[in-house]
Amino acid sequence: MQMIKQLAPSLPLQEDFVYHWKAITHYYIETSDDKAPVTDTNIPSHLDQMLDILVQEENERESGETGPCMEYLLHHKILETLYTLGKADCPPGMKQQVLVFYTKLLGRIRQPLLPHINVHRPVQKLIRLCGEVLATPTENEEIQFLCIVCAKLKQDPYLVNFFLENKLKSLASKGAPNVISEDTLKGQDSLSTDTGQSCQPEELSGAAGMEQTELADDDLSSSLDNLTVTSLPEAAVVRPNQDYNLVNSLLNLTRSPDGRIAVKACEGLMLLVSLPEPAAAKCLTQSTCLCELLTDRLASLYKALPQSVDPLDIETVEAVNWGLDSYSHKEDASAFPGKRALISFLSWFDYCDQLIKEAQKTAAVALAKAVHERFFIGVMEPQLMQTSELGILTSTALLHRVVRQVTSDVLLQEMVFFILGEQREPETLAEISRHPLRHRLIEHCDHISDEISIMTLRMFEHLLQKPNEHILYNLVLRNLEERNYTEYKPVCPEDKDVVENGLIAGAVDLEEDPLFTDISPDNTLSNQEWLGSSPPATPDHPKNDGKTEVHKIVNTFLCLVPDEAKSSYHVEGTGYDTYLRDAHRQFRDYCAICLRWEWPGSPKALEKCNLEAAFFEGHFLKVLFDRMGRILDQPYDVNLQVTSVLSRLSLFPHPHVHEYLLDPYVNLASGCRSLFSVIVRVVGDLMVRIQRIQDFTPKLLLVRKRLLGLEPEGPIIDHITLLEGVIVLEEFCKELAAIAFVKYHASSTP
C-alpha cells in the first residue's frame, strides 16, 4: 500500500508527458499542410510542457534518481525521433525547436544525461547539423546548443570520449563523398548512425547502462512507420576529419558573419581545448582543422594590414581583448589608416595566445608549433628579412607588439625559438649568422636608420623582460659560462692584505689612473653615507666582506664622468637616489622572473673554467658595445635606448652577468672588452674633445635644462649631439652604480 502511495503522485506526470509527446507525433499523421511554419502549430507548446514535466519530476525526486518520464524519454528514443524531425526541418522551423529542446534539456536537468546512449548518440548527430551553412536562421540556437554540450564536458571531461568517433572506413574505401545521408523517420533505430558509421564501441554502450530497445507503443510505432519526411537539401560539406564533430561545428561557426556567434564559438573551443583527456587533445590537433583555422586566420589578418603603419600607432593602439573586438571607425577620434585591420589582427592573436594558455599540455604544444611554422616562419619572417626600410620598420613594430602581448608560456617558447633559434653553445664570430633572423634583427640594432635601430632595440628590451630562460642564455649567458673574459691570477701572499682591505688582487686603482686624477671628493659617497645606506653585518657577511669593494665599485661608476662634464648636480631631482629606487623595484621584478631558473649564487670557480678558449662576447653584446662606444656621436633617442637595454641586462641576478657588466675591477683577458672598459674609452675620448669646445659647461647645463623642459627651445647649440651624449653617459653611470649597490644589498640580506 505504501508503495502505491509513493508512485501515485508521479503517474499523472507520466500521463501528461506521454500525452504531449503523442500530440506531437499525431500532428504528422493528421496534417496535410506540411508547409505551414512550426510556430503556427502546437508543437513548441507541447515541447515546453514536456521539458517542464521533466524538471518538475526531477525536483520531486531524490538526487540522481531517474523518474518514469525520463525513463520514457530514454526508452522510447524520443531524442532520436526529434533529431530526425529537426534534420528534415518539418514543419519549417522544426530544427530550431529541436535545438532549443536539446539545449534546455541538457541545461535544466541536473542528473547526468550524456552517458546514456539514447542521449549522447542523438546529441552527436545533432552536433553534425550545426555550422553546416553559415548565416542560417538557426545559427543562434546552434551555438547555444553546442556551448551547453561544451559546458557539460567541462563539468565531466571523461564524457568527451563519447564524442570522438571512428573515421568512416567504408566511405573512405569506396571513395564516396562524406555527405550525411538522409534516413526516413522511423520508430526503430538502425544499428548504424545516419553517416553509415558503426555505432559506439561496446564499452561506451555498456557505460551508458541502456540497451537499444524497440518502441513498445504500437500506435506510435505504426504512426511513425507510415510517416515519411522529405528532407531539405543539405549542403554537401566534405569533412575529411570526421573524428571530433563538436570541434568541426564550432570551427565552422567561428566564421559566422555575426560577431556574437563567432565569439561564442571561440568560447566553446576554449572549453574543449582545456579538457584534460589525452585522447581528446590528440584528436583535436591531429584530426580537426583547429591548427589550420588559427594560423590561416592569423596569416590573412596580418596580410590585410597596410604595408606601412606608423610604429607609434602599432605601439599605442589600446589593449585588445579577443572577445571585445567591436571597433567603430566613426566613433574613433584617434583613427588612423589600417586601425580596424590592426585591431582585428591583434584581437585574433590574443585569442590564439589565450587558447594555447588554457589548452591541455600536448594540445598547447601542437597549437603553438603550428603558429610557429605556419605564421611566424611562413608569414612574419619574410617581412622581417626584407630590405625596404619602411617594411622593416612596420614588421619590427608588429613583432615588438606581439612580443609584448604574448602571455602563454608555450607560445612564448615558440616565439623565442623563432626570433633567436635554439642554439645554446657559445657563439663564434664566424657563425653569428647561423640563425638568419636572429642575425638580421641584431644587425638592425645598428641600422643606418635610427628609427629601425630604436624599434629593434625596444623589441629586444621587452623580450628580455619575458619569463623565459632561453632568452638571456641565447643572447648573453652562453658566451660567459667559462668566464674566459677574465685572466686568472692566483692570489699571492702579499696580495692578501689588499683583498682584506676590499681591493681585488691585480686590479687597477682607477683613482690613480691618469684619466681620474681630477676626481672631486664631492662626487663620492662618504663613509658615513655609505654605512648609513648599507645593510647591517650578518654572521654570513661580516662587515669587511665586500662592503668596501662595493663602495669602491659604486664610487667608480659615479666618478667615471669627469667633473667638468657633469651637469646633474645643478638641476634638482636628478640625483643618484632616484636610480636607487628604480633599481630596487626592477631588480625585485627580475629576481621573481629568474627564481625558477636555479642560477648559481656565485661565479663558476676559475680553476674549473676553460680560460684558454677564445672569448667572444656574442653578437648581441658586440653590437651594444659598439653603439655604446659611439654614444658621443649618436642621436639622443638612440643613446637612451642602447643604455636602457644595457641596464636591463645588468639587472639580471646571474653572477657572470654581474661580473662582466658591473665589476670594474675584473681582470680582463687580453683583447677582451667589458661594459666598463667601453665606457672608459668613451670618457678618454670625451676629455680630449672637451678641451676644444668653448663654454662647454654652460652649454651642457643649458642642453640638460632644455631636455627636462626647464628652458624654452632657443637657438641651436653647437656640438648638440656630443652634449646630449655626455648627459646620457652621466645618467647611465649613475644608473649602473645604483644597480650595483642594489644587487649587493640584496645578496647580503639573509
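Look a little higher up for the structure.
Bear in mind that the values here come from a model prediction, so they are computed numbers and not experimental data. (Residues numbered from 1 in each chain as written. Predicted model: local features only at pLDDT ≥ 70, side-chain atom pairs only at ≥ 80, totals over all residues. Heavy atoms only, no water.)

Engineer: Please explain the overall build of the protein as it appears in this structure.
Structural biologist: When its secondary structure is counted, the protein shows 33 helices and zero strands. Within the protein, the proportion of its 750 residues that are buried is 54%. Sequence-distant contacts in the protein: of pairs separated by 6 or more residues, those separated by 24 or more amount to 80%. Working note: accessible area of the protein is about 34,100 Å², and carbon and sulfur atoms make up 52% of it. (Helix = DSSP H or I, 4+ residues; strand = E, 2+ residues; numbered from the N terminus. Buried < 20%, exposed > 50% of the residue type's maximum accessible area, 1.4 Å probe, protein only. Contact = heavy atoms within 4.5 Å. Areas by Shrake-Rupley, 256 points an atom, 1.4 Å probe, with all protein chains shown as cover.)

Engineer: Looking at this structure, I do not really get the nonpolar core. What am I missing?
Structural biologist: Inside soluble globular proteins, nonpolar side chains tend to come together where they are buried. With 217 residues, the main nonpolar core has Phe-145 and Tyr-244 as its most contacted residues. Top element by residues in this core is helix H33 (residues 720–748). It accounts for 16 residues. Among all residues touching Phe-145, those that are not within four sequence positions of it are Leu-99, Tyr-102, Thr-103, Leu-106, Val-123, Leu-126, Ile-127 and Cys-130. (Core = buried A, V, L, I, M, F, W, Y, C linked by side-chain atoms within 4.5 Å.)

Engineer: Looking at this structure, how should I read the layout of surface pockets?
Structural biologist: To find the voids left in a structure, one rolls a probe of water-molecule size over its atoms. Empty space within the second largest pocket amounts to approximately 500 Å³. As for the second largest pocket, its lining consists of 25 residues, and the residues nearest its centre are Tyr-579, Leu-640, Glu-731, Phe-732 and Glu-735. Those elements that provide at least two residues to the lining of the second largest pocket are helix H27 (576–594), helix H29 (636–651), helix H32 (696–707) and H33. Counting residues per element, the lining of the second largest pocket draws most heavily on H29, at seven residues. Partitioned by chemical class, the residues of the lining of the second largest pocket number eleven nonpolar, eight polar and six charged. (1 Å grid on protein atoms, 1.4 Å probe; cavity = no way out; pocket = protein on both sides within 12 Å on 5 of 7 lines; lining within 4 Å. Points joined across faces, edges and corners; volume = space filled by probe spheres on them. Nonpolar A, V, L, I, M, F, W, Y, C, P; charged D, E, K, R; others polar.)

Engineer: Looking at this structure, how should I read helix H28 (residues 619–629)?
Structural biologist: Because an α-helix completes one turn every 3.6 residues, residues spaced three or four positions apart along the sequence face the same direction. Burial of H28 is extensive: eight of the eleven residues sit out of reach of the surface. Residues of H28 that are buried: His-619, Phe-620, Leu-621, Val-623, Leu-624, Phe-625, Arg-627 and Met-628.

Engineer: Sorry, what's going on with the environment of Ala-614 here?
Structural biologist: Structurally, the position occupied by Ala-614 is in the loop between H27 and H28. Ala-614 gets classed as exposed once you look at its relative accessible area, which sits at 74%. Remark: the alpha-carbon pair of Ala-614 and Tyr-485, spanning 129 residues in sequence, is separated by 8.6 Å.

Engineer: Is there a simple way to explain the environment of Ala-299 in this structure?
Structural biologist: Looking at the secondary structure, you find Ala-299 in helix H15 (residues 290–303). Between the C-alpha atoms of Ala-299 and Val-379, which are 80 residues apart in sequence, the distance is 6.3 Å. Ignoring sequence-local partners within four residues, the contact set of Ala-299 consists of Phe-375 and Val-379.

Engineer: Got a minute to help me understand a negative patch on the surface in this structure?
Structural biologist: Taken together, the side chains of Asp-310, Asp-450, Glu-451 and Asp-637 define an acidic patch exposed on the protein surface. Asp-450 sits in the partly exposed class, given a relative accessible area of 32%. (Patch = residues over 30% accessible without salt bridge, like charges linked within 9 Å, V, L, I, M, F, W, Y side chains within 5 Å. Salt bridge = Lys/Arg side-chain N within 4 Å of Asp/Glu carboxyl O. Lys, Arg positive; Asp, Glu negative; His and termini not counted. Charge placed at Lys NZ, Arg CZ, Asp CG, Glu CD.)

Engineer: Looking at this model, I keep getting lost on the environment of Cys-609. Mind explaining?
Structural biologist: Within the element layout of this structure, Cys-609 appears in the loop between H27 and H28. When near neighbours in sequence (up to four residues on either side) are disregarded, Cys-609 contacts Glu-482, Arg-483 and Lys-604.

Engineer: Sorry, what's going on with the packing of helix H22 (residues 450–463) against H29 here?
Structural biologist: Packed helices, taken two at a time, are described by their axes: the angle between them and the distance between them. Two elements in contact, H22 and H29, have axes whose closest approach is 10 Å; the angle formed by their N-to-C orientations is 20 degrees. In this view, H22 runs roughly parallel relative to H29, as classed from their interaxial angle. In this structure, H22 crosses over H29, and the sense of that crossing is left-handed. Each of Asp-450, Ile-454, Leu-457, Arg-458 and Glu-461 in H22 lies in contact with H29, whose residues at this interface are Asp-637, Val-638, Gln-641, Val-642, Ser-644, Val-645 and Arg-648. In terms of residue class, the contact of H22 with H29 is made up of five nonpolar, two polar and five charged. (Axes fitted to C-alpha atoms, helices over the stretch in contact; angles between N-to-C directions. Parallel < 35°, antiparallel > 145°, perpendicular 65-115°, else oblique. Left-handed = near helix turned anticlockwise from the far one by under 90°.)

Engineer: Is there a simple way to think about the packing of aromatic side chains in this case?
Structural biologist: Each pair of aromatic rings is reported with the distance of its centres and the angle of its planes. This structure, assessed with the given rule, holds 20 aromatic pairs. On the basis of an interplanar angle of 75 degrees and a centroid distance of 5.5 Å, the ring pair of Tyr-302 and Phe-345 is categorised as edge-to-face. Of the two residues, Tyr-302 sits in helix H15 while Phe-345 sits in helix H17 (residues 339–358), which places them 43 residues apart along the sequence. Residue Tyr-302 is classed as buried on the basis of its relative accessible area, which comes to 6%. Put simply, the rings of Tyr-302, Phe-345, Phe-349, Phe-375, Phe-376 and Phe-418 touch in pairs and so form one group of aromatic residues. One Lys or Arg, Arg-424, reaches over the ring of Tyr-473 and ends 4.0 Å from the middle of that ring. (Phe/Tyr/Trp six-rings, centres within 6.5 Å; stacked < 30°, edge-to-face > 60°. Lys NZ or Arg CZ within 6 Å of the ring centre and 35° of its normal.)

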